[in-house]
Amino acid sequence: MTFDGVDAPWWPYLFILLGGAVATDIWRWIGVLAGSRLSQDSLLLVWVRTTATGLVAGVIGQLLLFPSGALAAAPIGVRIAAAAIGWTAFRLARNSIVAGVLVGEAVLLGGWRLLS
Amino acid sequence: MSSDRSAELSARGWFLRGMRVLGSIPGLILMSSFIGFGALCRESGLTLAQSVFITATMWALPGQVILVGAVAAGATLPAVALAVTLSSIRLAPMVAAWVPLMDRERTSRWLLLVLSHFVAVTSWVVALLRMPYMPAAARLPFFAGMGITLTVANTIVTAVSYSLSAQLPLVLAGALFFLTPVYFLISMTAASKLAAERIALLAGMLSGPVFHYYQVPLGLVWSGLVAGALGFAAHLLLRRAA
């Protein structure tokens, strides 16, 4: 039942559909069913929003501290500093998303180069 | 802003506005992130058609990266599905928070189920930032235009980056991978309306790696629940103080 385990041209696509697409979309469908009962200003919606934010934030933290692939080659201190300084630049530039991302990338590239 | 004019925009006009998100900063950053995904698929031994199929049918970059990693490691279908589905749980509360933004009088449950496929971090953040200020009738065409365009464009980006990436230089690949977390962090701060959401954001960024480090089973889910509960508790306290 591995990706290469069944010798048929359609198998990898069925694998992706079941292991990837359905496994992902099922939570979107559950979200639609749950969200239809939420009103714009309910306390429950506040909890839903903080929990959604917390879950994405966990992914952000993992991608920064335990990245896979090429980013893992950058020193961990540089990754953290780049995110923190980029975020600060975003706030200083009156919530400019572009400024924050550009400064963050610049710190990452500069720091990576200096420390390796 | 010319709110008078925007109130007069037809459904097609709002659909086109949604399409234009592709050329905005969030759209460009998302496409840059998908350059990294095409390269990752190629390194992992997938075919071009399989890589394109993944982006078109899943449309959630963190889950896609997990799928490719698990496939490359030779995992079985149930193991891959479990890893992907655990990473995708966040989509349920995201979609639940997105549904009230849509025009529910005119949007059927069936259509919401179809459109929910296009909810991922970028389209969710843009929806939270912009749709509250749009007339109710604008929201469905705007979201559909944005979601369909982002998905189609990034499916193409996956194909092109797969075909062109002879091997990205290490530093360039690292810089592309860094775009996703730094953009998520900044845009989610921008999209947060409540102090409670910013508290949950900070708490989640700390708890995610801690739960991961101690290899807690379902760590990402627990860390999100803990961070969300902290933010919610802060909301109740702030409300009482106010």
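What counts, and where the lines are drawn
- Residues numbered from 1 in each chain as written.
- Chains lettered and ligands numbered in written order.
- Predicted model: local features only at pLDDT ≥ 70, side-chain atom pairs only at ≥ 80, totals over all residues.
- Heavy atoms only, no water.
- 1 Å grid on protein atoms, 1.4 Å probe; cavity = no way out; pocket = protein on both sides within 12 Å on 5 of 7 lines; lining within 4 Å.
- Points joined across faces, edges and corners; volume = space filled by probe spheres on them.
- Helix = DSSP H or I, 4+ residues; strand = E, 2+ residues; numbered from the N terminus.
- Nonpolar A, V, L, I, M, F, W, Y, C, P; charged D, E, K, R; others polar.
- UniProt positions renumbered as here; feature names shortened; annotations may be inferred.

**Digging into the layout of surface pockets**
- Here the largest pocket defines a volume of roughly 890 Å³.
- Forming the walls of the largest pocket are 36 residues, and the residues nearest its centre are Gln62 of chain A together with Pro62, Ile66, His212 and Leu220 of chain B.
- Listing elements by their share of the lining of the largest pocket, those giving two or more residues are helix 2 (43–65) of chain A together with helix 3 (25–43), helix 5 (61–72), helix 6 (77–88), helix 11 (170–191), helix 12 (195–213) and helix 13 (219–241) of chain B.
- Looking at the lining of the largest pocket, its residues break down into 24 nonpolar, 12 polar and no charged.
- Volume-wise, the second largest pocket comes out at about 350 Å³.
- Counting residues per element, the lining of the second largest pocket draws most heavily on helix 12 of chain B, at five residues.
- Residue classes in the lining of the second largest pocket are distributed as 11 nonpolar, two polar and one charged.

**Section: the UniProt feature "transmembrane region" (unreviewed entry) in chain B**
All names here are of chain B.
- UniProt records the feature "transmembrane region" (unreviewed entry) at residues 21–40, 110–129, 141–162, 168–186 and 220–238, using the numbering of this structure.
- Strand forms 0% of residues 21–40 and helix 80%; the C-alpha atoms that close the span are 25 Å apart.
- Helix makes up 75% of residues 110–129 and strand 0%, with an end-to-end C-alpha separation of 25 Å.

**What about empty space enclosed by the protein?**
Residue and element names in this part refer to chain B.
- A complete count under the given rule lists three cavities of 30 Å³ or more for this structure.
- Considering only enclosed or pocket space, the largest cavity measures out at about 80 Å³ in volume.
- Lining the largest cavity are Leu30, Phe34, Trp59, Ala60, Leu61, Pro62, Arg90, Ala120, Val121, Thr122 and Phe184.
- If you list the elements that add at least two residues to the lining of the largest cavity, you get helix 3, helix 5 and helix 9 (121–130).
- Partitioned by chemical class, the residues of the lining of the largest cavity number nine nonpolar, one polar and one charged.

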